[in-house]
Amino acid sequence: MKSYLPEQFDPRERVMLAPYVTDVDAQVFGLRNLDVEVAAALFARYSRSARSLRRTLLEEFVGDLGPARPSSEQARTRALLDRVIGEYGDDSVAQLGVVHVAIEQVPALLARRIERGRLASYLEQSTRYVLLGRRRDGTWPMYVPEGLSPTTRHLYDDAVERSFQAYDAVRSATLSLLASRDGGEEEALRRAQRAAALDAARGLLPLGVLTNVGVVASAQAAERLVWRLRADTTPGAHDVAEQLARVLHELVPGLTQRMDRPDRGGAMVAYLGKTRAHAEPPWSWNVTLAEPRVRLRRWDPDAEAVVGAWILVERGDAPTLDVARAMLDRSGPAALDALFHSYVGERSNRRHLPGRALEAATYHVEVECDVGAYRDLARHRLLTLIEPPIAPGLGFSVAPLVEEAGLWPFVARHLEDLGRLVEEVRELAGAGVARLLLPFATQVRFGLVVNARELMHLLELRSQPQGHPTYRQVALALWRAVGEVGHRRIADAMSFVDAGGYTVGRLEAERRYEARSQVRGKDQLP
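Just so we're clear, the structure is a prediction, and the values are computed from it rather than from any experiment. Sequence order sets the numbering: in each chain, residues are counted from 1 along the sequence as written. It should be noted that, the model being predicted, local features are given only for residues of pLDDT at least 70 and side-chain atom pairs only at 80 or more, the latter also being counted only at that level, while totals for whole chains, interfaces and linings use all residues. Each side-chain value is worked out from all heavy atoms of the structure, with water and hydrogens disregarded.

## Let's talk about the sheet that holds strand E2 (residues 120–124)
Here is the rule we go by: Each pair of strands is called paired provided DSSP finds at least two bridges between the two strands. Here a strand is any run of E in DSSP of at least two residues, a helix any run of H or I of at least four, and the numbering for each starts at the N terminus. Fitted lines through C-alpha atoms give the axes, limited to the stretch in contact for helices. The angle between two N-to-C directions lies from 0 to 180 degrees.
The three strands are arranged E1-E3-E2 in an open sheet whose pairing can be described as antiparallel. Bordering the open sheet on either side are strand E1 (98–107) and E2, each of which pairs with just one other strand. Neighbouring strand axes in the sheet, compared pairwise and without regard to direction, differ in orientation by 20° on average. Here E1 runs beside strand E3 (residues 210–218); their pairing, made up of eight bridges, is antiparallel.

Below you can see the structure in the form of structure tokens.
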């Protein structure tokens, strides 16, 4: 960039800077070899200083960093943060330090609570690609709450055993059906069949099945996760909260100084506990076969015109929304068609999303589907998710492959037997413990409030052939509903929605993976 004037550093300064920046002269450069909190403190100074970041690093930080000595590094870092945070406040500074945290062997029910925060990234162990069998001590990978009476524990263990046995039986039967019907000589086909069988069996897993969660978050977002879990009544939440708090005190103590203070963390946990409390919904163990259901409850009939008007404002063709609406009213529907077409453009793939004017259209949706599909849809954190407590009462949903294999009578008998055990556990230990035994197949109802741009991302992703059959049904039903309420232009813009029918949906994805692996293998040196 011609206007960029590189700062001058003498030879000694260049040597001092080199370990901490990717380039001493470039306009764009990265930081390296710096503690997370030191980098956060450095950026905090950025906003209040006329000097460049590299000059600030030299004059205020490098002298304090010195040679890396484990015994003194934490003290130096704390001193730096106390100086910077004390002067500028901690809230924004805590957004500048990022932590990577692994939370292992937590119940899937709790994983959903962990992943509720928007301002973080999560990765969870998949039930689609990982076969869940007995652990080395002979137990199933299942969370067991502490303090259960002997009677309750016996009932709980019986329910767990039945659930995993049913899971394994359905997985084996559906895999055999796919192998006998489609063959299995091709490795990509075998991997796709295994994924389809695990998809079909997933509904039999209990919500207390153990999973691993990776969290990448700013110190501020991680601190708030601690507060949310401390206020959460989900089994295991408080234990994870305290372990996470200890990790943050070790990784970013300066950025989370107020996490445990009564006037900050304590007050927030109390507030969340009072305002997020809920009544336990009624339970009804209704063993009927449920189908995914989507109801578009609220939308603006004029949404496409509103989107069009904002497009004109965004492009500078109109100074205000009112002027833009008047222009569209005069030009007619064909002009709005052309405006949408030019704004959406020629999309080469689903990652090519139109601009933010599309976010002016908003939809309120009620969805009914099984818990497994609900957990997948809930990962779209830009939408607003209204999630009541999970409780049985709407029946149970199974994958089409389960019905195709003639396994629904077996599954129904299992659910009848399981229901009696779950109800006894609920009477003895409460709904919180019994909820851990509910299968992923449990049909639930929840709400979404989502704008059209995020909806495009959701529907195009979740309708892909490698997706789970249930959330593919939800995605396709919602896409059709958008068109049926008169939002034809918005629905047509979602050109990568895939409405095809698939049994072994991951086959093409596995073939692409195999082709890439073969190319990489050819490129490797012997």
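## Looking at the nonpolar core
Test applied: As used here, the term nonpolar core means buried Ala, Val, Leu, Ile, Met, Phe, Trp, Tyr and Cys residues forming a set that is joined through side-chain atoms within 4.5 Å. Burial classes follow relative accessibility: with a 1.4 Å probe on protein chains only, a residue under 20% of its type's maximum area counts as buried, one over 50% as exposed, and anything between as partly exposed. It only takes one pair of heavy atoms within 4.5 Å for two residues to be counted as in contact.
Counting 98 residues, the largest nonpolar core has Tyr156, Phe164, Tyr363 and Phe446 as the members making the most contacts within it. Tallying contributions element by element places helix H6 (residues 150–182) first for this core, with nine residues. Leaving out residues up to four positions away in the same chain, Phe164 has contacts with Leu132, Trp140, Pro141, Met142, Leu205, Pro206 and Val209. In terms of nonpolar packing, the next biggest core, distinct from the first, is built from 34 residues, Ala94, Tyr122, Ala221 and Val252 among them.

## Examining a nonpolar patch on the surface
Selection criterion: Nonpolar side chains (Val, Leu, Ile, Met, Phe, Trp, Tyr) within 5 Å and like charges within 9 Å form the patches, drawn only from residues with over 30% relative accessible area and no salt bridge. Accessibility throughout is a Shrake-Rupley quantity obtained with a 1.4 Å probe, and a residue counts as covered only by protein chains that appear here. Whenever Lys or Arg places a side-chain nitrogen within 4 Å of a carboxyl oxygen from Asp or Glu, that contact is recorded as a salt bridge.
A cluster of nonpolar side chains, Phe43, Tyr46 and Leu96, forms an exposed patch at the surface whose accessible area comes to about 260 Å². Mapped onto the elements, Tyr46 comes out in helix H2 (residues 36–46). Here Tyr46 falls in the partly exposed class, since its relative accessible area comes to 39%.

## Quick word on helix H11 (residues 303–315)
The condition is simple: The span expected for a helix works out to 1.5 Å for each residue beyond the first.
Taking 1.5 Å per residue as the helical rise, H11 with its 13 residues ought to reach 18 Å, and the 18 Å between its terminal C-alpha atoms agrees with that figure. Within the span of H11, buried status applies to Ala303, Glu304, Ala305, Val306, Val307, Gly308, Ala309, Ile311 and Leu312. Residues of H11 that are buried sit in contact with helix H12 (321–331), helix H13 (333–344) and helix H20 (488–493). Just past H11, the residue Gly316 takes up positive phi, approximately 85°.

## A few points about the pattern of salt bridges
Using the criterion set out here, one finds 39 salt bridges in the structure. Across the salt bridge formed by Glu59 and Arg51, the nearest N and O atoms sit 2.6 Å from each other.

## Considerations on the pairing of E3
As paired elements, E2 and E3 share five bridges and run antiparallel to each other. Bridging from a neighbouring strand, Ala120 pairs with Ala217 of E3.

## Things to note about the environment of Glu346
Position of Glu346 among the secondary structure elements: in the loop between H13 and strand E5 (362–370). In this structure Glu346 comes out as exposed when scored by relative accessible area, which is 69%. Spatially, the C-alpha atoms of Glu346 and Ser495 are 9.9 Å apart, while their sequence positions differ by 149 residues.

## What about the sheet that holds strand E4 (residues 293–299)?
Spatially, four strands are ordered E4-E5-E7-E6 in an open sheet, and the strand pairing comes out antiparallel. In this open sheet, the two strands that pair with only one neighbour each are E4 and strand E6 (384–386). The mean inter-strand angle of the sheet, taken between neighbouring strand axes irrespective of direction, is 20°. As paired strands, E6 and strand E7 (residues 443–451) are joined by three bridges and run antiparallel to one another. Bridging from a neighbouring strand, Thr384 pairs with Val449 of E7. The sheet contacts of helix H18 (residues 452–462) involve E5 and E7, and relative to E7 the element is tilted by about 130°.

## Some words on the packing of H11 against H12
Operational definition: Crossing handedness is defined as follows: a turn of the near helix away from the far one that is anticlockwise and smaller than a right angle gives a left-handed crossing, while the clockwise case is right-handed. Residue type decides the class: Asp, Glu, Lys and Arg count as charged, Ala, Val, Leu, Ile, Met, Phe, Trp, Tyr, Cys and Pro as nonpolar, and the leftover types, Gly among them, as polar.
At a minimum axis distance of 8 Å, the contact between H11 and H12 shows a crossing angle of 115°. H12 is crossed by H11, and the crossing has right-handed handedness. On H12, the residues touching Ala305, Val306, Gly308, Ala309, Trp310, Leu312 and Val313 of H11 are Leu321, Ala324, Arg325, Met327 and Leu328. Each residue belonging to the contact of H11 with H12 can be placed in one class, and the counts come to 10 nonpolar, one polar and one charged.

## A closer look at the environment of Leu110
Here Leu110 is to be found in helix H5 (residues 108–114). On the accessibility criterion, Leu110 (0% relative accessible area) is buried. When the C-alpha atoms of Leu110 and Pro235 are compared, they prove to be 7.3 Å apart, with 125 residues separating the residues in sequence. Those residues in contact with Leu110, other than ones at most four positions away along the chain, are Leu229, Thr234, Pro235, Gly236, Ala237 and Val240.

## Quick notes on the confidence of the model for the protein chain
Fine structural detail should not be taken from predicted coordinates in areas where pLDDT scores are low. We count it as follows: The predictor's confidence in any single residue is recorded as pLDDT, a number from 0 to 100.
Of all residues in the protein chain, 89% attain a pLDDT of 70 or more, and the chain-wide mean is 89. The model gives residues 504–526 a pLDDT under 50, and that stretch makes 29 contacts with residues more than four places away or in other chains.

## Remarks on the packing of aromatic side chains
Applied cut-off: The pairing test for Phe, Tyr and Trp rings, Trp by its six-membered ring, is centres within 6.5 Å, and the orientation test on the planes gives stacked under 30 degrees, edge-to-face over 60, and tilted for anything in between.
The final tally for this structure, using the stated rule, is four aromatic pairs. Aromatic pair Trp140 and Phe164: ring centres 4.8 Å apart, planes at 5°, arrangement stacked. One end of the pair, Trp140, is in the loop between E2 and H6; the other, Phe164, is in helix H6, with 24 residues separating them in the sequence. Exposure class is identical for Trp140 and Phe164. Each is buried. Judged by centre distance (4.9 Å) and plane angle (55°), the rings of Tyr374 and Phe446 are tilted. Here Tyr374 is found in helix H14 (residues 371–377), whereas its partner Phe446 is found in strand E7, with 72 residues between them in sequence. Comparing Tyr374 with Phe446, the two get one shared label, buried.

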